[in-house]
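What follows is each chain in one-letter form.
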Amino acid sequence: MKTKPDVNLLKNFISEQDISQTEPFVVQALRKLLDKSGAGSEFTGWVNLPSDLLKNKTLLSQIIQVQKRVEKINPDTIVVIGIGGSYLGTKAIYDALSPVFPNAGKPQLVFAGHQLDSSYHKQLIDFLRNRNPVVIAISKSGTTTEPAIAFRIIRALMEEKYGENASSRIIAVTDAQKGALRSLAKNKGYESFIIPDDIGGRFSVLSPVGLLPIALCGFSIEQLIKGAAVAEKELTQNSILQTNAAMLYAAIRNILHKKGKTVELLVTFHPQLTTLSEWWKQLFGESEGKNSKGIFPASLVYSTDLHSLGQFVQDGLRIFFETFISVGKPLFDVTIPVLGSDDDGLLYLEGKNMSYVNQKACEATQLAHVDGNVPVFSLNMDEINEFSLGELLYFFEFSCALSAYLLGVNPFDQPGVEAYKQNMYRLLGKPGF
């Protein structure tokens with residue numbers, strides 16, 4: 001893997017004895033995942049998905065064919081309708097790879113159905129009236145309230161705007177056989193892709209759920225899968241904790257949790273990774289937060305959040321540990337102008353790159369937080385591209401499964417999510433509730 005773990009700042013918090021005592025349990029968790037003997041093993045189809053996709057390129061070829069067909073429509077907007085794992089991974093990749101200030105080079109990716117705010121969806125509808133959109137509806141059942149309402153609204157707009165041609169601009173990603181969205185796809189003639197039965201939503205980013213919209217936005221899904229496949233090979237074929245980055249990360253989380261560090265902060269100095277942190281929060285939050293157990297996943301973007309929550313992290317409750325995502329080579333860089341003047345107090349920095357200053361700010365923050373009794377673990381990416389993102393996404397998925405098994409919970413269910421749905425159905429008067 002090009003993405004490397006760094007444990008140098010953990011020496012004051014985790015001993016070799018801690019690691020040696022935890023290692024047998026991590027090896028056992030690895031065995032449960034790989035031989036499918038752990039809880040929820042029927043949802044581990046994601047484990048070998050990257051290598052399977054590269055061996056049998058049928059799905060990738062189908063997605064590329066759709067991409068070429070859609071290119072003929074020349075869309076300026078791709079609308080992804082979905083919630084949770086049906087949109088977060090896609091948005092994480094898109095935001096990481098896209099310019100901060102969009103240009104006309106690639107379609108703009110927008111989202112619907114990830115919340116129920118009427119103002120957002122009204123503005124989205126008004127926006128789409130003057131655009132040339134293609135819509136991707138993502139839902140296993142097709143009846144999850146948030147995306148189902150959004151799809152009904154957007155489907156009505158598309159049919160009003162394009163008439164019978166609307167069906168050629170709508171793609172469904174759903175169950176192979178059953179569900180409302182599958183029935184709609186069949187009746188309306190939508191092109192469709194299958195969400196595999198053995199892959200749950202928050203582990204689905206490397207399935208058609210994420211691959212299709214990313215391809216339609218012009219990014220390389222083959223490089224994404226190749227990066228994930230490298231991580232898959234390294235993490236599934238090595239059972240030595242010290243050299244398996246996912247086992248090491250899972251062990252560190254477990255040890256720190258036992259030492260009273262109940263909140264993990266995923267931290268970066270690279271704002272384009274903000275949404276990746278949101279995807280990570282769902283992945284670990286839904287996988288571990290059950291049976292009154294779990295490490296609470298939160299995220300911060302520095303140096304922005306150093307000027308809001310930095311004081312709390314440095315000097316508040318000692319419940320945190322941090323996982324930093326660092327990037328060696330930025331996509332772009334800026335040189336601080338040489339003015340030959342110190343009227344702004346920056347003479348000592350003139351001629352230096354902003355990436356250099358950002359890196360030193362990162363190092364300074366890590367040292368300060370360690371001094372403040374906040375353990376720091378780092379993941380160092382060489383650069384942000386499709387390959388490195390594929391590696392990182394798979395790494396987190398694999399680590400999450402191991403970590404949940406260490407906690408003694410099923411990584412792949414989410415029984416608590418249903419509680420609000422039952423109440424909402426009853427309050428809205430849905431038949432049967």
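Conventions used here
Residues numbered from 1 in each chain as written. Predicted model: local features only at pLDDT ≥ 70, side-chain atom pairs only at ≥ 80, totals over all residues. Heavy atoms only, no water. Phe/Tyr/Trp six-rings, centres within 6.5 Å; stacked < 30°, edge-to-face > 60°. Helix = DSSP H or I, 4+ residues; strand = E, 2+ residues; numbered from the N terminus. Lys NZ or Arg CZ within 6 Å of the ring centre and 35° of its normal. Buried < 20%, exposed > 50% of the residue type's maximum accessible area, 1.4 Å probe, protein only. Expected span 1.5 Å × (residues − 1). Contact = heavy atoms within 4.5 Å. Pairing = 2+ DSSP bridges. Axes fitted to C-alpha atoms, helices over the stretch in contact; angles between N-to-C directions.

Another aspect to go through is the packing of aromatic side chains. Enumeration according to the criterion identifies 21 aromatic pairs in this entry. Ring centres 5.3 Å apart and planes at 15° place the aromatic pair Tyr 249 and Phe 377 in the stacked group. Residue Tyr 249 is found in helix H10 (residues 245–258), and its partner Phe 377 is found in strand S10 (residues 376–383); the two are separated by 128 residues along the sequence. Grouped by ring-pair contacts, the aromatic residues Trp 46, Phe 203, Tyr 394, Phe 398, Tyr 405 and Phe 412 constitute a single cluster. A cation sits over an aromatic face here: Lys 2 above Phe 387, 4.9 Å from the ring centre. Of note, Lys 430 hangs over the ring of Tyr 425, and the distance from its end group to the ring centre comes to 4.1 Å.

The amide bond that connects Tyr 302 to the next residue, Ser 303, takes the cis arrangement and shows omega of 5°. Relative to the assigned elements, Ser 303 resides in the loop between strand S8 (296–301) and helix H12 (310–315). Phi at Asn 291 is positive, roughly 55°, even though this residue is not glycine. Within the fold, Asn 291 resides in the loop between helix H11 (274–288) and S8. Its relative accessible area of 56% is what places Asn 291 among the exposed residues.

Before going further, it helps to spend a moment on H11. Between its first and last C-alpha, H11 extends 21 Å over 15 residues, near the 21 Å set by a 1.5 Å rise per residue. Of the positions making up H11, those classed as buried are Thr 275, Leu 276, Ser 277, Trp 279, Trp 280, Gln 282, Leu 283, Phe 284, Ser 287 and Glu 288. Considering only its buried residues, H11 is in contact with helix H4 (88–97), H10, strand S7 (263–268), S8, strand S9 (320–329) and helix H14 (386–407).

In space, the 5 strands of this open sheet follow the order S3-S2-S4-S5-S6, with parallel pairing throughout. Each edge of the open sheet carries a strand with a single partner, namely strand S3 (108–112) and strand S6 (191–194). Pairwise comparison of adjacent strand axes, ignoring direction, gives a mean angle of 20° for this sheet. As judged from the 4 bridges shared by strand S5 (residues 170–174) and S6, these two strands associate in the parallel manner. In the strand pairing of S6, Ala 172 is matched with Ser 192. Most of the contacts of helix H5 (residues 118–129) go to S3, to which it runs at about 140°, and overall it touches strand S2 (77–81), S3 and strand S4 (133–138).

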